[in-house]
Amino acid sequence: MNHNLFATFAERMSARRDRNFITTLDGRTYSYGQALETSARLAGALTSLGVKPGDRVAVQVDKSPEAILLYLACLRMGGVYLPLNTGYTADEIGYFLGDAEPALFVCRPASLQAAREIAGNTGCPNVETLGTDGDGSLMDAASNASAFDGIEQRADDDLAAILYTSGTTGRSKGAMLTHRNLASNSASLTEAWRFTDQDRLIHALPIFHTHGLFVACNVVLMSGASLYFLPRFDLDAIIEAMPQGTTMMGVPTFYTRLLQDKRLTAELTANMRLFTSGSAPLTAETHQEFQQRTGHAILERYGMTETNMNTSNPYDGDRIAGTVGMPLPGVEVRVTNRETLEEVPQGEIGILQVRGPNVFKGYWRMPEKTREELLPDGFFITGDLALIDERGYVHIVGRDKDLVISGGFNVYPKEVEQVIDEIDGVVESAVIGVPHPDFGEGVTAVVVLQQGASVTEADVLASLAGHLAKYKQPKRVFFVDSLPRNTMGKVQKNQLRDKFGDIYKDA
Ligand code: AMP
């Protein structure tokens, strides 16, 4: 049996050749038939460029239908898709190419020169471009290539994708996701959320992250639904699309922004059957306000790069605000003591662990990290603090790691601190997440200077600009004489969060 996820998609796509797969904001469309054809050509292009089954294909491009067709092409010919955040700087890309050793790097047309340089330094043999208009050298190669009509034979634990997730130690880790991981999760989400080929999903998420790529696109491909593709969150475009849409997947920021607009009403959303939220906590107030305004109870779910989706509020039944629902079919969860790793009594807070066909194979070339987080019995230590209530609903109450989630994107403090600490005149720094009305959390730096140093907030921000993606850069920088520490020498970030807790209140 061929466990290639593309085989399942191809079956559904072939049955709907004339139906719309994807429409962009500027009116470009692909039917399922056209998507099959173009992805076969792209798979042919990959093969002709020397990409072999098991090879990584690193991709840093702006959102477009062709980027999704490239993902499909990669699956089809047995490559390993490796999407990279569009905000990553040249330094960051250098690390990923060096670590993943892709056979091909696909970049934006405007970045070709810089990309070639990075590829040269990291030994990546090939660079091609992909634009947002069906343009780029990869599309040219696809139109000249003969189509790859077969579907490469894959075992269920062969890699389909690698998604990098920053580590708290500062080094990013590549989560290895298998065909089985993605197939099982997309099948259970399709069923849990009742997706059919009558659905039209309003898609405003980025496609380099598990949410916008796997949750959204795989569910659509599994069900034969269609995608309405927006380049990014755009309030006017979403409001305009709502009467023709049936579903939307969002991060909490989407909902808080929609709520600020008077045009969001029950009439506007009358055709919609489902709004989902994830990637960061949705506040109970937002959930309630949205329900009062539109009549829709946002369905909140919980997952992560390493595990795909783990839990979901029910489609039928109570969607409880402030909870992430119950484990998806086939997924097991347990709440454990962080030191002993023993299960804690029901209702108590501990570290959430998950096990199931959705849980990744391990971190790329990091066997030790994998052993630390993926236990011998198959449970993965999520690092999230949670409790399970008497009805079986999971509540995420915090993060063990000091992860900051700003606008739905993860920012690992250590990575930002390391760059700040290199600035002349800086002794040390602590980066924390502080409640922010728009972003959920605002990245905030607290810095200790050497005596007599005259570094300003603007200096710190300016020196980070070339090194870190925009979303990782602090919104504010504060200076203190010393950082609060416990007797073990650990910085007490909760004290800093308390101290600076309301700085964005009126932002
Ligand atoms: P990522 O790997 O980027 O998907 O980030 C995963 C992390 O996002 C999880 O470990 C959680 O800390 C957080 N997360 C995802 N969904 C939710 C949610 N619904 N509520 C609270 N935190 C969430």
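We now turn to the structure provided with this report. Keep in mind the model is a prediction, meaning the values are calculated, not measured. (Residues numbered from 1 in each chain as written. Predicted model: local features only at pLDDT ≥ 70, side-chain atom pairs only at ≥ 80, totals over all residues. Heavy atoms only, no water.)

### Some words on the sheet that holds strand 19 (residues 380-388)
Note the threshold: One bridge is not enough; two strands pair if DSSP finds at least two bridges between them. Comment: elements are numbered from the N terminus, with helices defined as DSSP H or I runs of at least four residues and strands as E runs of at least two. Axis definition: a line fitted to C-alpha atoms, limited for helices to the stretch in contact. Angles are taken between N-to-C directions and run from 0 to 180 degrees.
Here 4 strands make up an open sheet; going across it, the order is 16-17-19-20 and the pairing antiparallel. Strands with a single pairing partner mark the edges of an open sheet, and in this sheet they are strand 16 (332-336) and strand 20 (394-399). Going from strand to strand, the sheet's axes swing by 50° on average, the running direction of each strand aside. Here 5 bridges tie strand 16 to strand 17 (residues 350-355), and the two strands are oriented antiparallel to one another. Among the inter-strand pairings, Val 335 is bridged to a residue of strand 17, identified as Leu 352.

### Considerations on the side chain of Arg 154
Quick reminder of the rule: Residues are treated as being in contact if the distance between any of their heavy atoms lies within 4.5 Å.
For Arg 154, the location among the structural elements is in the loop between helix 6 (137-144) and strand 7 (159-165). Excluding residues within four positions of it along the chain, Arg 154 makes contact with Met 1, Asn 2, His 3, Asn 4, Pro 53, Gly 54, Gly 78 and His 179.

### Let's talk about the site of the ligand
Here is the rule we go by: One heavy atom suffices: a residue is near a molecule or strand as soon as one of its heavy atoms comes within 4 Å of it. In short, Shrake-Rupley with a 1.4 Å probe defines the accessible areas, and a residue's cover is counted only from the protein chains shown. Note on residue categories: nonpolar means Ala, Val, Leu, Ile, Met, Phe, Trp, Tyr, Cys or Pro, charged means Asp, Glu, Lys or Arg, and polar means any other residue, Gly included.
Close to the ligand lie 17 residues; His 209, Glu 300, Arg 301, Thr 305 and Asp 384 are nearest. Out of a free accessible area of 500 Å², the ligand has 96% covered by protein chains. Every element with two or more residues in the shell around the ligand is listed here: strand 13 (299-304) and strand 20. Per-element tally for the shell around the ligand: the top contributor is strand 13, with 5 residues. Looking at side-chain class alone, the shell around the ligand contains 7 nonpolar, 6 polar and 4 charged residues.

### What about the pairing of strand 11 (residues 247-250)?
We apply this condition: The buried label applies to any residue whose accessible area, calculated with a 1.4 Å probe on protein chains only, is under 20% of its type's maximum; exposed applies above 50%, and partly exposed to all values in between.
Covered by surrounding structure in strand 11 are Thr 247 and Met 249 together with Met 248 and Gly 250, the residues of both alternating faces. Judged from the 2 bridges that link them, strand 9 (residues 200-203) and strand 11 form a sheet pairing that is parallel. Within the sheet, the bridge partner assigned to Ile 202 lies in strand 11 and is Met 248. Note that strand 11 and strand 12 (residues 274-277) share 4 bridges and pair parallel. Bridge pairing links Met 249 to Thr 276 in strand 12.

### Quick word on the packing of aromatic side chains
Here is the rule we go by: Pairing of aromatic side chains requires ring centres within 6.5 Å, counting the rings of Phe and Tyr and the six-membered ring of Trp. Pairs whose planes differ by under 30 degrees are stacked, by over 60 edge-to-face, and all others tilted.
Overall, the coordinates contain 16 aromatic pairs when judged by the stated rule. Geometrically, the ring pair formed by Phe 360 and Phe 380 is edge-to-face, given 5.1 Å between the ring centres and 80° between the ring planes. Of this pair, Phe 360 sits in the loop between strand 17 and strand 18 (362-363) while Phe 380 sits in strand 19, and the two are 20 residues apart along the sequence. Side by side, Phe 360 and Phe 380 carry an identical accessibility label, which is buried. Ring geometry for Phe 478 versus Phe 500: centroids 4.6 Å apart, planes at 25°, classification stacked.

### Some thoughts on the sheet that holds strand 1 (residues 20-24)
Taken in spatial order, the 9 strands line up as 2-1-10-9-11-12-13-14-15 in an open sheet, and their pairing is mixed. Across the chains shown, the open sheet's two edge strands, defined by having one partner strand only, are strand 2 (29-31) and strand 15 (326-327). With 3 bridges joining them, strand 1 and strand 10 (residues 226-229) adopt parallel strand pairing. Along strand 10, the bridge assignment pairs Thr 23 with Tyr 228.

### Overview of the nonpolar core
What counts here: Buried residues of nine kinds, namely Ala, Val, Leu, Ile, Met, Phe, Trp, Tyr and Cys, make up a nonpolar core once their side-chain atoms join them within 4.5 Å.
Judged by nonpolar contacts, the single largest core of 111 residues is most densely connected at Phe 9, Phe 21, Tyr 71 and Leu 258. Look past the residues within four positions of Phe 9 in its chain and what remains in contact with it is Tyr 71, Leu 72, Leu 75, Asn 218, Leu 221 and Met 222. One finds Leu 82, Ala 115, Ile 420 and Ala 445 within the second-largest nonpolar core, a separate group that totals 39 residues.

### Things to note about the state of the cysteines
As a reminder, the rule being used: Note on disulfides: each one is a pair of cysteine sulfur atoms within 2.5 Å.
Considering all chains together, one arrives at 0 disulfides under this definition. Left without a disulfide partner, Cys 74 is nearest to the cysteine sulfur of Cys 124, which lies 13 Å away. Of the residues examined, Cys 74 reaches a relative accessible area of 0% and is grouped as buried.

### Here's the deal with the pattern of salt bridges
This is how the line gets drawn: Only one rule defines a salt bridge in this text: a Lys or Arg side-chain nitrogen within 4 Å of an Asp or Glu carboxyl oxygen.
Under the criterion given, the structure shown has 21 salt bridges. Its salt-bridge partner being Arg 273, residue Asp 199 comes within 2.8 Å of it at the nearest N-O pair. Remark: Arg 273 occurs in the loop between helix 10 (252-259) and strand 12 and Asp 199 occurs in the loop between helix 7 (179-192) and strand 9; sequence separation between them is 74 residues. A relative accessible area of 4% means that Asp 199 is categorised as buried. One salt bridge connects Lys 369 with Glu 372, and the closest N-O pair in it is separated by 3.1 Å.

### Comments concerning the environment of Glu 342
Assignment of secondary structure puts Glu 342 in the loop between strand 16 and strand 17. Since its relative accessible area comes to 54%, Glu 342 is described here as exposed. With near-sequence residues (within four places) excluded, Glu 342 lies in contact with Val 335, Thr 336 and Asn 337.

### Points about the pairing of strand 3 (residues 56-60)
The test is simple: When the strands point away from the viewer, a crossover counts as right-handed if the path from the first strand over the helix to the second runs clockwise.
Of all 5 residues in strand 3, 5 are buried; the element is thus mostly enclosed. Both strand 3 and strand 4 (residues 80-83) contribute to a ladder of 4 bridges, which runs parallel. Bridge assignment links Arg 56 to a residue of strand 4, and that residue is Val 80. For the crossover that starts at strand 3, traverses helix 3 (residues 65-76) and ends in the parallel strand 4, the hand is right-handed. Relative to strand 5 (residues 104-107), strand 3 is paired through 4 bridges, and the arrangement is parallel. The residue of strand 5 that forms the bridge with Val 59 is Val 106.

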